[in-house]
Amino acid sequence: MLFRMIRGVLFHQKSKMLLIAVTIALGASLATGMLNVVMGVEEKVNKELKNYGANITVKPKDASLLSDIYDVGEGGEALNAAYLKEDELGKLKTIFWAFNIVDFTPFLDTQVALPDGAQAKLVGTWFNHHLSLPTGEELDAGIAGMRSWWDVTAGRWLDEANDGANEQIMVGALLAEEKHWTVGEKVRLTAGEQALDAEIVGIFDAGGDEDNQLFTTLDAVQALTDRVGKVASIEVSALTTPDNDLARRAARNPDALTSRDKETWYCTAYVSAICYQIQEVITGSVASAVRQVAESEGTVLEKTKLLMILITALSLIGSALGISNLVTASVMERAQEIGLLKAIGAKDRSITGVVMTEILITALLGFTAGYFMGFGFAQLIGRSVFGSAIDMNPRVIPIVAALIALVTIAGSLPAIRMVLRLRPAEVLHGGH
């Protein structure tokens with residue numbers, strides 16, 4: 001009997017039931033898409049933010065304040081200078097969170113005299129330096145990836161794979177304009193008794209202090225200043241988890257944590273945990289977060305998630321209102337049928353059960369269609385915003401199913417109240 005009644009409703013009111021199913025499918029699709037994006041957005045947002053520079057700097061522990069503000073002695077040698085070892089840089093990819101290290105590059109700078117006698121900063125770094133690690137991993141690291149926003153207005157990026165790269169430089173746009181330098185021109189740079197005859201291969205616009213500087217390979221500056229194998233600092237771009245209270249306590253003093261808290265902190269990709277692990281593998285180093293970048297990442301990530309959750313909530317509220325109107329209209333059309341059932345002895349709970357069963361079956365069909373629509377919706381967001389696919393998280397299925405069930409029941413409540421208030425005598429005599 002129950003099956004017959006449900007089949008009859010689905011057949012005779014197929015247009016309304018189809019509209020209910022479509023309403024639920026739209027809500028389910030948006031919820032599915034957004035929740036999958038929310039659960040997979042952290043890594044993708046972090047990767048997008050990594051295009052805008054490093055979030056960790058590594059310096060020698062013994063570097064003095066004068067070294068930090070660039071106090072230079074004769075021949076470009078920094079006073080009270082302390083250095084890190086270039087041959088230890090590969091160890092950055094051996095820490096616990098090695099796969100979260102997206103890119104890194106060392107720096108070593110010195111003051112040089114230009115052909116006209118003026119002074120400028122010459123920065124040695126990696127551009128696209130190839131590393132073969134003991135782990136078997138092959139990677140290219142350097143400033144070309146870390147400074148992706150630099151606009152090379154003339155020429156090209158310096159390529160370390162080319163012969164003669166150590167005799168090539170890139171020049172900031174302001175300095176090139178002031179000296180009327182062009183790509184292909186050769187300039188002599190002098191540091192004390194040492195000189196470098198370098199060809200300009202690229203002119204870049206960085207939008208900062210770098211526009212008045214020159215950049216060349218790390219090897220070239222090491223040779224020019226007799227600091228072979230030494231680097232002054234390292235910039236690291238790492239995927240991190242936004243800080244919480246544990247991360248902030250650990251950043252102040254990791255040794256003050258309980259063993260359980262320290263293990264949790266160490267095994268979570270907080271920026272402070274990654275800094276701590278870097279200090280463990282780079283001799284005599286102090287790693288610190290670039291707070292503006294690290295905090296911005298957390299803020300952007302949290303606001304992105306909040307926005308998507310808010311959109312999901314609003315879509316589900318809209319679905320509930322749509323369901324409410326459609327189910328109420330369906331019950332009004334069936335008022336005489338329901339009145340007749342009550343007149344022959346049907347209980348309110350039995351009639352309510354029939355109506356809810358009909359709606360939940362329709363909701364199940366809508367949810368199934370909506371889930372697969374949401375899969376496509378998530379991929380559309382991933383491809384258009386992040387340039388890559390969004391992985392479908394299996395945890396989304398029960399979450400969306402529970403949300404759709406809750407929305408369906410909430411949307412059906414006004415219709416159920418109508419069913420309970422319906423009086424057979426009034427309905428059957430046309431008085432409703």
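Residues numbered from 1 in each chain as written. Predicted model: local features only at pLDDT ≥ 70, side-chain atom pairs only at ≥ 80, totals over all residues. Heavy atoms only, no water.

K.L.:
In this structure, what is going on with the overall build of the protein? I would like to understand it.
P.N.:
Counting its regular elements, the protein contains 14 helices and 14 strands. Counting the 432 residues in the protein, one finds 46% classified as buried. Sequence-distant contacts, at least 24 apart, represent 75% of the contacts inside the protein between residues at least 6 apart. When the accessible surface of the protein is split by element, carbon and sulfur atoms take 58% of a total near 21,600 Å². (Helix = DSSP H or I, 4+ residues; strand = E, 2+ residues; numbered from the N terminus. Buried < 20%, exposed > 50% of the residue type's maximum accessible area, 1.4 Å probe, protein only. Contact = heavy atoms within 4.5 Å. Areas by Shrake-Rupley, 256 points an atom, 1.4 Å probe, with all protein chains shown as cover.)

K.L.:
Help me understand helix α9 (residues 271-281) in this model?
P.N.:
Since the α-helix turns once every 3.6 residues, residues separated by three or four places project in the same direction. Counting buried positions over the 11 residues of α9 gives 8, a clear majority of the element. Buried within α9 we find V271, S272, A273, I274, C275, Q277, I278 and V281.

K.L.:
Looking at this structure, how should I read the environment of G145?
P.N.:
Note on placement: G145 falls in helix α4 (residues 143-146). Expressed as a C-alpha distance, the spacing of G145 and V102, which sit 43 residues apart in the sequence, is 9.4 Å.

K.L.:
Looking at this structure, I do not really get the packing of aromatic side chains. What am I missing?
P.N.:
Here the distance between the centres and the angle between the planes together describe a pair of aromatic rings. Scanning all chains against the criterion turns up 11 aromatic pairs. The interplanar angle of 45° and the centroid separation of 6.5 Å between the aromatic rings of F367 and Y371 together place this pair among those described as tilted. Here F367 pairs with Y371, and both are found in helix α12 (residues 348-386), just 4 residues apart, close to one helical turn. Residues F367 and Y371 agree in their burial class; the two are buried. An aromatic cluster of three or more residues is present, and its members are F96, W97, W265, Y266 and Y276. (Phe/Tyr/Trp six-rings, centres within 6.5 Å; stacked < 30°, edge-to-face > 60°.)

K.L.:
Explain the side chain of Q379 to me, please; I cannot follow it from the model alone.
P.N.:
Within the fold, Q379 resides in helix α12. By relative accessible area, which is 15% here, Q379 ends up buried. Residues contacting Q379, with those up to four places away along its chain left out, are A389, I390 and M392.

K.L.:
Looking at this structure, how should I read unusual backbone geometry?
P.N.:
Among all residues save glycine, negative phi is the norm, and among peptide bonds the norm is trans. Despite not being glycine, H180 shows a phi value in the positive range, around 60°. In this fold, H180 is placed in the loop between α5 (173-179) and β9 (186-191). What makes H180 exposed here is its relative accessible area of 66%. In this model, D226 sits at a positive phi of 55°, which is unusual for a non-glycine residue. With respect to the helices and strands, the residue D226 is situated in the loop between α6 (218-225) and β12 (230-231). Judged by its relative accessible area of 65%, D226 is exposed.

K.L.:
Any chance you could explain the packing of helix α8 (residues 259-266) against α9 here in plain terms?
P.N.:
A pair of packed helices is captured by two measures, namely the crossing angle of their axes and the spacing between those axes. Look at α8 against α9: their axes get within 8 Å of each other, and the N-to-C directions meet at 90°. When the interaxial angle is binned, α8 and α9 end up roughly perpendicular. Here K262, W265 and Y266 of α8 come into contact with α9, specifically with S272, A273, Y276, Q277 and E280. Class assignment of the residues belonging to the contact of α8 with α9 gives a composition of 4 nonpolar, 2 polar and 2 charged. (Axes fitted to C-alpha atoms, helices over the stretch in contact; angles between N-to-C directions. Parallel < 35°, antiparallel > 145°, perpendicular 65-115°, else oblique. Nonpolar A, V, L, I, M, F, W, Y, C, P; charged D, E, K, R; others polar.)

K.L.:
Please clarify how the pattern of salt bridges should be interpreted in this entry.
P.N.:
Where charged atoms from two side chains of opposite charge come close, those side chains can pair. Taken as a whole and assessed by the stated rule, the structure comprises 9 salt bridges. Between K91 and E88 there is a salt bridge, with its nearest N and O atoms 3.7 Å apart. What makes K91 partly exposed here is its relative accessible area of 35%. Of the charged contacts, one joins E235 and R147 as a salt bridge, the two residues approaching to 3.0 Å between their closest N and O atoms. Note that E235 is positioned in strand β13 (residues 233-238) and R147 in the loop between α4 and β7 (151-155), a separation of 88 residues in sequence. By the burial criterion, E235 is buried, and R147 matches it. One continuous salt-bridge network, built from bridges that share partners, spans D116, E178 and K179. (Salt bridge = Lys/Arg side-chain N within 4 Å of Asp/Glu carboxyl O.)

K.L.:
Can you help me understand the nonpolar core in this one?
P.N.:
Counting 49 residues, the largest nonpolar core has I56, F104, L214 and I278 as its most contacted members. Take this core: its biggest share by element is 5 residues, from α9. Ignoring any residue separated from it by four or fewer positions in sequence, one finds L214 in contact with V112, L114, A120, K121, L122, V123, I169, M170, V171, L175, W181 and L189. Core analysis: the next-biggest nonpolar cluster, separate from the first, contains 27 residues, L316, I338, V407 and A415 among them. (Core = buried A, V, L, I, M, F, W, Y, C linked by side-chain atoms within 4.5 Å.)

K.L.:
Mind showing me how you'd approach a nonpolar patch on the surface here?
P.N.:
Taken together, L18, V22, L26 and M373 make up a surface patch of nonpolar side chains, about 370 Å² in accessible area. If one sorts the elements of the nonpolar patch by residue count, helix α2 (residues 14-49) sits on top with 3 residues. In this fold, L26 is placed in helix α2. (Patch = residues over 30% accessible without salt bridge, like charges linked within 9 Å, V, L, I, M, F, W, Y side chains within 5 Å.)

K.L.:
Sorry, what's going on with the packing of helix α7 (residues 245-252) against α8 here?
P.N.:
Where α7 meets α8, the axes come as close as 10 Å, and the angle between the chain directions of the two elements is 100°. Put simply, α7 runs roughly perpendicular to α8. Residues L246, A247, R249 and A250 of α7 lie in contact with α8, whose contacting residues are D261, T264 and W265.

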